[in-house]
Structures are given as structure tokens and as C-alpha cells.
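# Residue-level structure breakdown
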Amino acid sequence: MPYLTSAAKIRAIVAEYTNAKTLWIDTEVADYKSRNPRLSLIQVLDDPQDMSGDRVYLLDVLDQPNIIAEFIDEIMINSAIEKVFHNASYDLKLLGNKKAKNITCTLEIAKKIPYYLLPLPNYQLKTIATALCSFNNIDKQEQKSDWAKRPLTEEQIEYAYLDCIYLAQIHLNLLGLQAQANPDSATEDLILLSSRYSQLQKQSKLLNSEYEHLEERMKKAMQAQNISETSDYKLTSSERTTIKATFMELARLAQTQGINLDFPITLTQKLQKDLGQNLEHLSVDIDKTTYWRLNSKTQESETEEE
């Protein structure tokens, strides 16, 4: 985990990084709660197989705006280099913002993985690293330490380089889940899919039925026992008021009071039927959408037999 403070050494490693295909990057920010946060460290890993930290470089850029600007110009804006972050929007605020190109965010990848493949309570780096990569006892305490103070402590340095290792391993595992979640539709095994879908459909009906029944029992029991919350759930109430008026009265009011109600109305099938040929006298916009529905052939045959 080389820790570089010299501007010349930082420039030299940045020059090497311009030839990289992918970089895994993290940052530490000083005064992050203030109006003027300052970039303290840029941690970079160029080899995802490195678990020792030998390929993680810690670039000390505190109060070195020229070095930061060069990193942005040479690395962040370079569209040929993929830059991997976790919660990229946070790091990009101080690393080129919208000018940055070819950014991969593991947080966004994780959010798009179906829950059944990645059942997590949240998508924090620590949570994903523990679940996907079996990293245990991850300590995030140093994250909130004073990154403006120099020299950095050994604990801060160790924390900084480990985050890059976690990030790279998370990224590789997420790519595997992403491929699993998005196979080639043209080569999907429809027999296996159909069998699994049918199995889950039956289970879903049972689970939904029990879920809805238990929910009603919970609400009734809490109301009857005058309990507003348990250790797991809180009972709340809300009221919704719906105001209805006839279309003719609304149109008459708008006309007499000079109220501008010029907005599009969706013409339902019933309205279209009621208007009949009069529909031809209206200037309408037509949006056509195709909806695909998966129907059970078993249910269809049972309906036909009845």
C-alpha cells in the first residue's frame, strides 16, 4: 500500500494509470460536513486480484489543487479508462463531476440486481462486502476520522487501502450476479424457466394469502388492544378525501369564472364509446402501448371446460 505524498511521485503513478483499462477508486474527504470539503486522499487499485494491498496507491492530495486537477484531466475525463466507485456521485463531486467519463458505480449495479439474488437490508459497501465477498469484521470507524490532520494514523492508512480491495471484490462479484440476472434471452431455456415460474407462482399465491391475512389480523389486534407499535411494526392511520363533481358543472364553472382548465384528458374506452362518432370532431393525441402478459394455459383450459 504505497503512500505517496510527493507531487512528483503522484504524477509518475498517474502517468502509469493512463494506460490502465479499469481503475478501482475511493476517496477520503477532509471537512466533509463543512461548506468547503477538501479532497484528502485518492486511493487507486489497478489489479482486482491483489488482496495484499501492494497495488493500492494512496495519493495524498490534501491542499494540492494542481495535482487534483491533473488527476481529473488525465484519469477522470479519459473515456478509455473505466473508473469504478461505490456511490460514485459522492466522489465525483470533487473529481470532475459531470465532466468525468466512463464511470461505473457498484451501488447502482447492486440496486439493479433482483432482490432474490442479492437480499440485503441496505447497499452500503460494508454490507455488500460482507454478504458477497465474506469479508468479516469490517471496521468503518475511521471513515469519520479527521482526514485533514497530518500525519495520518496507521489506522487511517489501513482503512483507506482496504476500501479499494473491498470495492474491487464487490465489483467482480456484482458483475457475476449481473450476468446471472440478465442472460441472453435468445438462448434462455424456456422449459426450465416455465417450470420455475409455475412453481413460484403457486408459492406466491400461498404467501400473499397468508401475508394479507396476517396483516389484517395484526391491525385488528393492535387496535383492539390499543397498542400503537410492537418491537417490529408501527400502526399508523391516514385519511384521504376524494372530491367529485360532474364534468358539466366543472366545465360551466370554468367558463363562467374564466378558469383555464386546458389540459389533456385520457379518454377511457367507456368515454370513447359514449362519444361515438363525435370523437372524430376532437383533436386527439394517440399513444399506443403494447403490454405483454403471461397467461397460464392450465387456467385457460380449466375455464374452457367450465
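Please refer to the structure higher up on the page.
All of the points below concern the structure found in this document.

Here is what the cut-offs are and how they apply
- Residues numbered from 1 in each chain as written.
- Predicted model: local features only at pLDDT ≥ 70, side-chain atom pairs only at ≥ 80, totals over all residues.
- Heavy atoms only, no water.
- Axes fitted to C-alpha atoms, helices over the stretch in contact; angles between N-to-C directions.
- Helix = DSSP H or I, 4+ residues; strand = E, 2+ residues; numbered from the N terminus.
- Parallel < 35°, antiparallel > 145°, perpendicular 65-115°, else oblique.
- Contact = heavy atoms within 4.5 Å.
- Nonpolar A, V, L, I, M, F, W, Y, C, P; charged D, E, K, R; others polar.
- Phe/Tyr/Trp six-rings, centres within 6.5 Å; stacked < 30°, edge-to-face > 60°.
- Pairing = 2+ DSSP bridges.

The next point concerns the packing of helix α1 (residues 7-17) against helix α2 (residues 65-76). For any two helices packed against each other, one specifies the crossing angle of their axes together with the interaxial distance. Packing of α1 against α2 leaves a shortest axis separation of 10 Å and a crossing angle of 10 degrees. Judged by the angle between their axes, α1 and α2 are roughly parallel. The residues of α2 that touch α1, namely those facing A7, I10, R11, V14 and Y17, are I67, E70, F71, E74 and I75. When the residues that make up the contact of α1 with α2 are grouped by side-chain class, the tally is seven nonpolar, no polar and three charged.

This paragraph deals with the packing of aromatic side chains. Taken as a whole, this structure holds three aromatic pairs when the rule is applied. With centroids separated by 6.2 Å and ring planes inclined at 40 degrees, the aromatic side chains of W147 and Y159 adopt a geometry described as tilted. On the criterion of sequence distance, the pair formed by W147 in the loop between α5 (125-133) and α6 (154-181) and Y159 in helix α6 is long-range, its members being twelve residues apart.

In sheet architecture, strand pairing relies on hydrogen bonds along the backbone and comes in two forms, parallel and antiparallel. The strand order across the open sheet formed by six strands is β1-β4-β3-β2-β5-β6, and the pairing between neighbours is mixed. Because the sheet does not close on itself, it has two edges, and the strands there are β1 (3-4) and β6 (103-105). In the sheet, strand β3 (residues 38-45) pairs with strand β4 (residues 56-60) via five bridges, with the strands oriented antiparallel. Residue pairing for β4: L45 is matched across the bridge by V56. Sheet contacts for α1: β1, β2 (22-30), β3 and β4; angle to β4, the most-contacted strand, approximately 135 degrees.

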